[in-house]
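The lines below spell out each chain.
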Amino acid sequence: FSLYMKLLEETITSIREGKTPKLDDISNQSCEIKLNIAALIPDSYLNDPHNRLLLYKRISNASSDQELSELKIEMINRFGLLTPEINQLFSVTTIKLRAIQLGIKKLSSSARSLNASFSNSIPFDAVKLIELVQKEPTRYQFKGSQQISVHINAESPEERVSAAEDFLSTLEAL
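Since this is a predicted model, take the numbers as computed values, not measurements. (Residues numbered from 1 in each chain as written. Predicted model: local features only at pLDDT ≥ 70, side-chain atom pairs only at ≥ 80, totals over all residues. Heavy atoms only, no water.)

1. Describing the pattern of salt bridges
If you walk through the whole model with that rule in mind, you get 6 salt bridges. Of the charged contacts, one joins D43 and R52 as a salt bridge, the two residues approaching to 3.1 Å between their closest N and O atoms. Taking relative accessible area as the criterion, D43 reaches 51% and is therefore assigned exposed. We note a salt bridge from E74 to R78, for which the minimum N-O separation is 3.2 Å. With a gap of 4 residues between them, E74 and R78 both fall in helix α3 (residues 65–79), about one helical turn apart. (Salt bridge = Lys/Arg side-chain N within 4 Å of Asp/Glu carboxyl O. Buried < 20%, exposed > 50% of the residue type's maximum accessible area, 1.4 Å probe, protein only. Helix = DSSP H or I, 4+ residues; strand = E, 2+ residues; numbered from the N terminus.)

Written out as structure tokens, the structure is:
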């Protein structure tokens, strides 16, 4: 329902602005992030399941860093300081927003690698990405036509978040 409402709002906005709605671009609306870290709101922080679900929905539906910052402040004011797991949830959501802007469909991580799958349209120069892979072949490798793997050393959740942020920054600079 949330996706439907978002698409409906975007379509109405496009029509009002005199633009043609991009109905075939639904796949670029989301991105799957799997960093294999605890990114959640613990029961010990908020024991009411209904309120937890509402917060999860609000966090996942946030469309900007500003919205996420406002949600953080609200949660701190209502429930107290954020736990490391909640901070990781916000970090993953921020990464998701950035990844969507870069045309990434899926971003996953283990302790040794970070893998990204791209959609058909990317907002950066693909030639520059190829040059990056050629320049640093021990760090970057293509895995098929729309996938790249980055060799990392990230045992802790903080290191995985940092590796993902660094990779996205690299893509943003292309």
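2. Some thoughts on the pairing of strand β3 (residues 113–118)
Every regular strand shows the same layout, with side chains that alternate between the two sheet faces. With 5 of 6 residues buried, β3 is to be regarded as a mostly interior element. Two strands pair when backbone bridges link them, and strand β2 (residues 104–109) and β3 are joined in this way by 5 bridges, in the antiparallel orientation. Bridge pairing in β3 links K106 to S117. Hairpin connection of β2 to β3: 3 residues between the antiparallel strands. Relative to strand β5 (residues 147–151), β3 runs antiparallel, the two being bridged by 5 bridges. Bridged to S117 within β5 is Q147. (Pairing = 2+ DSSP bridges.)

3. A look at the layout of surface pockets
Estimated volume of the second largest pocket: approximately 150 Å³. If you go around the second largest pocket, the residues you meet are F118, S119, N120, I122, A126, L129, I130, F142, S145, Q146 and Q147. Ranked by the residues each element gives to the lining of the second largest pocket, the list is headed by helix α5 (residues 126–135), at 3 residues. Classifying every residue of the lining of the second largest pocket by side-chain character gives 6 nonpolar, 5 polar and no charged. (1 Å grid on protein atoms, 1.4 Å probe; cavity = no way out; pocket = protein on both sides within 12 Å on 5 of 7 lines; lining within 4 Å. Points joined across faces, edges and corners; volume = space filled by probe spheres on them. Nonpolar A, V, L, I, M, F, W, Y, C, P; charged D, E, K, R; others polar.)

4. Remarks on the side chain of R160
Among the secondary structure elements, R160 is positioned in helix α6 (residues 157–172). Although R160 is buried, it makes no salt bridge; E155 carries the closest opposite charge, 5.3 Å away. Engagement of the side chain of R160 in a polar contact is seen with the backbone oxygen of L35, the distance being 3.2 Å. Discounting chain neighbours no more than four positions away, the residues touching R160 are L35, N36, I37, S109, S110, A111, A154 and E155. (Lys, Arg positive; Asp, Glu negative; His and termini not counted. Polar contact = N/O pair within 3.5 Å; in protein donor to acceptor, adjacent residues only side chain to side chain. Contact = heavy atoms within 4.5 Å.)

5. Structural notes on the packing of aromatic side chains
Applying the stated criterion across every chain, the model contains 2 aromatic pairs. For the pair Y45 and F79, a centre-to-centre distance of 6.0 Å together with 65° between the ring planes defines the contact as edge-to-face. With a gap of 34 residues between them, Y45 in the loop between β1 (32–34) and α2 (49–61) and F79 in helix α3 connect regions that are remote in the sequence. Among the residues examined, F79 registers a relative accessible area of 24% and is labelled partly exposed. (Phe/Tyr/Trp six-rings, centres within 6.5 Å; stacked < 30°, edge-to-face > 60°.)

6. Overview of the sheet that holds β3
Strand pairing in a sheet takes place through backbone hydrogen bonds and is either antiparallel or parallel in direction. With mixed pairing, the 5 strands of this open sheet are ordered in space as β1-β2-β3-β5-β4. In this open sheet, the two strands that pair with only one neighbour each are β1 and β4 (140–142). Going from strand to strand, the sheet's axes swing by 15° on average, the running direction of each strand aside. Seen against the sheet, helix α4 (residues 84–101) touches β1 and β2 and runs at an angle of roughly 135° to β1. Each of β3, β4 and β5 touches α5; the most contacted strand, β4, lies at about 120° to it. (Axes fitted to C-alpha atoms, helices over the stretch in contact; angles between N-to-C directions.)

7. Comments concerning the environment of R160
Note on R160: relative accessible area 10%, which makes it buried. Between the C-alpha atom of R160 and that of S117, which follows or precedes it by 43 residues, the distance is 17 Å.

8. Some thoughts on the nonpolar core
With 28 residues, the main nonpolar core has L35, I104, L107, F118 and F167 as its most contacted residues. Of all the secondary-structure elements, those providing two or more residues to this core are α4, β2, β3, α5, β5 and α6. Among all residues touching F167, those that are not within four sequence positions of it are I104, L107, L114, A116, F118, Y140, I148 and V150. By size, the runner-up hydrophobic cluster in this structure holds 14 residues, among which are I41, I59, I86 and L89. (Core = buried A, V, L, I, M, F, W, Y, C linked by side-chain atoms within 4.5 Å.)

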